[in-house]
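Structure assessment
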2 protein chains.
Amino acid sequence: MICVLSGGTGTPKLIQGLKEILDSEELSIIVNTVENNYFSGVYVSGDIDVVMYTLADMINEEFWYGIRGDTFITNEFLEEIGCPEPLRIGDRDRATKIEKTIRLSEGYTLSEIVDIQKNKLNIKSKIIPMSDVDSDIKIVTDMGDLDFHDFLIDKGCEPKVLDVVYSKVPPSDQLISTIEESDMVIIGPSNPITSIMPILSIEGVKDALKKKYVVAVSPIVGKSPVSGPAGQFMNALGYEVSAVGIAKMYKDFVNCLIIDNQDKYLEDEIKTILDDVKITNTMMKSLEIKKDLAKFITDLNK
Amino acid sequence: MICVLSGGTGTPKLIQGLKEILDSEELSIIVNTVENNYFSGVYVSGDIDVVMYTLADMINEEFWYGIRGDTFITNEFLEEIGCPEPLRIGDRDRATKIEKTIRLSEGYTLSEIVDIQKNKLNIKSKIIPMSDVDSDIKIVTDMGDLDFHDFLIDKGCEPKVLDVVYSKVPPSDQLISTIEESDMVIIGPSNPITSIMPILSIEGVKDALKKKYVVAVSPIVGKSPVSGPAGQFMNALGYEVSAVGIAKMYKDFVNCLIIDNQDKYLEDEIKTILDDVKITNTMMKSLEIKKDLAKFITDLNK
């Protein structure tokens with residue numbers, strides 16, 4: 001069984017590759033929940049939904065958010081009546097969010113709800129929210145403390161990031177056991193600060209990882225992230241924005257770091273931090289490349 | 001200014017007629033809120049929305065519920081993922097319900113929210129919720145106490161009604177003054193027990209009505225209501241299901257009762273209860289009939 005730590009949009013692309021080459025039962029995805037929040041009265045667990053829609057072959061690959069071919073009738077009418085949504089939610093996408101909201105209010109845990117939904121969508125892989133307890137994430141900036149969403153959307157990532165702070169939450173019931181039962185853990189190429197670190201910071205996760213064969217894929221290629229604001233966050237926390245910075249962040253519990261062909265020149269420097277570095281194409285611009293990267297990673301454990 | 005007490009679907013049909021023959025500024029609608037409740041995580045003020053959509057020329061006249069031509073994409077996807085909605089909510093209709101839910105959670109009163117929405121929909125008439133405080137309505141039946149919605153939809157109005165009980169709520173800010181400022185009050189042909197009585201039972205309403213010229217339109221024609229379960233409720237509370245029963249219920253504060261041509265034979269009996277009875281066509285099967293009835297009523301005050 002292969003366990004993947006996921007968040008944002010980088011890792012879901014790798015999951016597309018993994019699901020092509022593995023039996024879906026062999027894949028378990030642990031997902032960041034630190035950005036979960038209520039928008040327009042519905043509970044939005046963005047990172048979980050992206051994973052769910054990806055595994056169900058429903059993901060909108062243009063935005064890596066929401067359902068492919070979804071309509072926006074409610075969203076547009078809200079705009080029309082002068083109550084624009086802070087997040088653009090599609091009509092089908094809203095249904096899965098409404099179900100989560102209702103079931104949460106009925107006392108189901110997020111883990112239970114995700115399980116119900118992924119079964120209904122015929123997903124055989126496990127999807128494990130990192131925690132069933134909501135956490136706050138705050139981006140401390142030169143324009144004050146901002147919610148992640150405010151920083152990302154309202155402020156367009158403009159403010160200078162000084163720190164990233166999130167509340168400590170307990171692991172969901174299956175988080176640690178899923179890592180323990182896996183043959184290999186993949187830390188996907190997601191934002192290390194806002195997607196991966198929240199999972200790693202949960203009690204017991206790093207210890208569980210240290211006993212496993214862990215491969216990380218660097219989300220930084222060259223001097224910048226493949227997508228998103230990871231660079232600003234890494235800078236703020238004192239890491240250089242490069243695969244070297246990633247190696248430093250992950251060195252205590254990662255056995256092998258995969259870096260992109262473009263970063264081959266960093267191989268020797270990274271080897272002073274981490275024993276094992278592998279080099280391949282990590283720019284997942286086609287399903288073929290995603291599958292190749294998935295195979296490259298899973299072959300490391302043979 | 002003409003003030004109408006409304007609920008359900010009978011009175012909105014009359015409102016369609018009234019808005020054709022009056023300046024919309026001259027029309028104020030006081031609306032029952034006793035059945036308001038949360039469904040699928042959104043606040044549903046059914047009777048208010050019907051009035052709002054009717055005044056905005058958006059009402060779905062097939063069901064007298066929701067918006068004409070609305071789609072049901074979220075509703076259908078909720079069904080597909082195994083989370084069917086207890087109420088079928090359309091995509092545009094959901095937007096107005098989401099806005100109400102959000103604004104209620106932000107501390108707006110229902111009256112303020114309805115005002116915002118009706119202005120946005122270019123409605124010049126006033127729409128006054130009877131109360132800004134939520135009330136419970138319970139249908140006491142031989143199958144136990146039921147919510148109104150459970151009785152109506154889940155149980156298909158089957159159980160024998162023994163009593164109807166609702167909690168006492170204070171008037172909204174504009175309820176009494178709207179009656180006081182009106183030249184005439186029309187009690188529309190809505191369910192007298194579940195739509196009209198909740199308004200009448202609010203402190204100060206009957207006293208305000210006694211000082212006004214009040215015309216009621218009987219919702220009962222022959223031995224049964226034109227639509228809906230009013231008959232069962234009237235029976236349970238000891239009123240005969242006929243225009244005579246309506247006259248007995250309303251006699252203390254109504255100056256004139258309008259009954260349908262078919263009930264002409266009841267005229268003498270009703271005159272022993274109420275001084276003034278008028279007879280006309282109240283079966284509002286076309287816009288022409290709605291306008292004729294509206295004109296017939298408003299002419300009574302000239």
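Residues numbered from 1 in each chain as written. Chains lettered and ligands numbered in written order. Predicted model: local features only at pLDDT ≥ 70, side-chain atom pairs only at ≥ 80, totals over all residues. Heavy atoms only, no water.

In this section: the relation of the copies chain B and chain A. Of the transformation placing chain B onto chain A, the axial shift is 0.0 Å and the rotation is 180°, giving an RMSD of 0.0 Å. Such a combination of turn and shift is consistent with a two-fold rotation axis. When you check the interface residues of chain B against chain A, 100% turn up at the interface there too, and the contact is symmetric in its surfaces. (Least-squares fit on C-alpha atoms with pLDDT ≥ 70 in both. Contact = heavy atoms within 4.5 Å.)

All names here are of chain A. Counting buried residues along strand E2 (residues 27-31), five of its five residues qualify, which places the element largely inside the surrounding structure. Residues Leu27, Ile29 and Val31 point to one face of E2 and Ser28 and Ile30 to the other, with burial holding for every one of them. Here strand E1 (residues 2-6) runs beside E2; their pairing, made up of five bridges, is parallel. When the sheet's bridge partners are listed, Val4 is paired in E2 with Ile29. In this fold, E1 hands off to helix H1 (residues 10-21), which returns the chain to E2; that crossover is right-handed. Here E2 runs beside strand E5 (residues 126-129); their pairing, made up of four bridges, is parallel. From the neighbouring strand, Val31 faces E5, where its bridge partner is Pro129. (Buried < 20%, exposed > 50% of the residue type's maximum accessible area, 1.4 Å probe, protein only. Helix = DSSP H or I, 4+ residues; strand = E, 2+ residues; numbered from the N terminus. Pairing = 2+ DSSP bridges. Right-handed = clockwise from strand over helix to strand, strands pointing away.)

Turning to the interface of chain B and chain A, a few remarks are in order. Counting from both sides, the interface comprises 25 residues of chain B and, opposite them, 25 residues of chain A. The junction of chain B with chain A conceals about 2100 Å² of combined surface from both sides, 78% of it contributed by carbon and sulfur atoms. Ranking the residues of chain B by area buried against chain A places Ile73, Phe77 and Ile81 of chain B at the top, with a combined share of 27%. Taken together, chain B and chain A are joined by zero salt bridges. Among the elements that line the side of chain B that touches chain A, the one with the most residues is helix H4 (residues 91-105) of chain B, at nine residues. (Buried area = accessible area lost by both parts, 1.4 Å probe. Salt bridge = Lys/Arg side-chain N within 4 Å of Asp/Glu carboxyl O.)

This part covers the pattern of salt bridges. All names here are of chain B. Counting across every chain of the model gives 31 salt bridges over all chains. When the shortest N-O distance is used, the salt bridge between Asp93 and Lys97 registers 2.6 Å. Taken together, the positions of Asp93 and Lys97, both in helix H4 and four residues apart, correspond to about one turn of that helix. Since its relative accessible area comes to 1%, Asp93 is described here as buried. Given the relative accessible area of 1%, Lys97 is considered buried.

All right, on to H4 of chain B then. Residues and elements named next belong to chain B. Between its terminal C-alpha atoms H4 stretches 21 Å, which fits the 21 Å expected from 15 residues at 1.5 Å a residue. Buried residues dominate H4, accounting for 12 of its 15 residues. Taken as a whole, H4 has its buried residues at Asp91, Asp93, Arg94, Ala95, Thr96, Lys97, Ile98, Glu99, Lys100, Thr101, Ile102 and Arg103. Note on H4: the residue one or two positions beyond its end, Gly107, has a positive phi of about 105°. (Expected span 1.5 Å × (residues − 1).)

Examined against the element boundaries, Ala95 of chain A turns out to sit in helix H4 (residues 91-105). Relative accessible area serves as the criterion here: at 0%, Ala95 of chain A is assigned to the buried category. Placed 32 residues apart in sequence, Ala95 of chain A and Ile127 of chain A show a C-alpha to C-alpha distance of 19 Å. For Ala95 of chain A, the residues in contact, after removing those within four places along its chain, are Thr74, Phe77, Leu78 and Ile81 of chain B.

These figures capture arrangement, not role.
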